[in-house]
Amino acid sequence: MDNVVVRDLKESDIDDLVEIEKLSFSVPWTKSAFIKELSNKLAKYVVIEHNKKVIAYGGIWLIVDEGHITNIAVHPDYLGKGLGNIIVESLIEKCRENKVLSMTLEVRKSNLVAQNLYKKYGFKPVGIRPEYYSDNKEDAVIMWKDL
Ligand SMILES: CC(C)(COP(=O)(O)OP(=O)(O)OC[C@H]1O[C@@H](n2cnc3c(N)ncnc32)[C@H](O)[C@@H]1OP(=O)(O)O)[C@@H](O)C(=O)NCCC(=O)NCCS
């Protein structure tokens, strides 16, 4: 894709993030949740901007030497174009810059697309959190990657 900029999150992006959340998740993060994240010293968010709109983003919490991916989403109009790859690579890069030793995340058991994406970058399934998602009591797969 042309005209794509990868950069850190800023407050004026949040309405775009909330729109993508609503289109992507059954329990979307709210505007206030993202505003809180801007002042969370442990949190780092990257966005992909295209024609002045954010079309993809991902976040991570850096807790001591571990990076916890909080959320990743691509606007449904832009799926399958490699933006998920760019977000995961950017988050891995942020972890390396911050001397993080390992990365982890939870993903719905049914979300094979996201699991494929993470596996491509070396994340391995290491456990299950039973009924982790409150909306439908779906299990979470815990994935882990050493850096
Ligand atoms: C998961 C998600 C971020 C992938 O974004 P994307 O931009 O479509 O992904 P990409 O085009 O960069 O593809 C990256 C990899 O994901 C996997 N993937 C993407 N689309 C896929 C599909 N339809 N079927 C199977 N695997 C797929 C492949 O491993 C792909 O690798 P490749 O580039 O070598 O083919 C996107 O589907 C999304 O936003 N989903 C809704 C939100 C979500 O589930 N987030 C994850 C929460 S843990």
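Per an unreviewed UniProt entry, the protein chain goes by [Ribosomal protein bS18]-alanine N-acetyltransferase and derives from Alkalithermobacter thermoalcaliphilus JW-YL-7 = DSM 7308. Its UniProt record gives the protein chain a comment under Function (unreviewed entry), which states: "Acetylates the N-terminal alanine of ribosomal protein bS18."

A. Representation of the UniProt feature "domain: N-acetyltransferase" (unreviewed entry) in the protein chain within the structure. Mapped onto the present numbering, the UniProt feature "domain: N-acetyltransferase" (unreviewed entry) falls on residues 4-147. Overall, residues 4-147 shows 30% helix and 41% strand. The separation of its end C-alpha atoms is 27 Å.

B. View of the site of the ligand. Taken together, 20 residues are adjacent to the ligand, and Ile72, Val74, Gly80, Asn111 and Lys120 come closest. Between the ligand and glycine 82, the relevant distance is 2.9 Å, taken from an oxygen atom to a main-chain nitrogen or oxygen of the residue. For the ligand, the accessible surface in isolation is 930 Å², of which the surrounding protein chains cover 70%. Taken atom by atom, the bulk of the ligand overlaps the largest pocket. Examining the composition of the shell around the ligand, we find that 6 residues originate from one element, helix H4 (residues 112-120), more than from any other.

Scoring rules and cut-offs
Residues numbered from 1 in each chain as written. Predicted model: local features only at pLDDT ≥ 70, side-chain atom pairs only at ≥ 80, totals over all residues. Heavy atoms only, no water. UniProt positions renumbered as here; feature names shortened; annotations may be inferred. Helix = DSSP H or I, 4+ residues; strand = E, 2+ residues; numbered from the N terminus. Near = heavy atom within 4 Å. Polar contact = N/O pair within 3.5 Å; in protein donor to acceptor, adjacent residues only side chain to side chain. Areas by Shrake-Rupley, 256 points an atom, 1.4 Å probe, with all protein chains shown as cover. 1 Å grid on protein atoms, 1.4 Å probe; cavity = no way out; pocket = protein on both sides within 12 Å on 5 of 7 lines; lining within 4 Å. Sits in = over half its atoms within 2 Å of the grid points.

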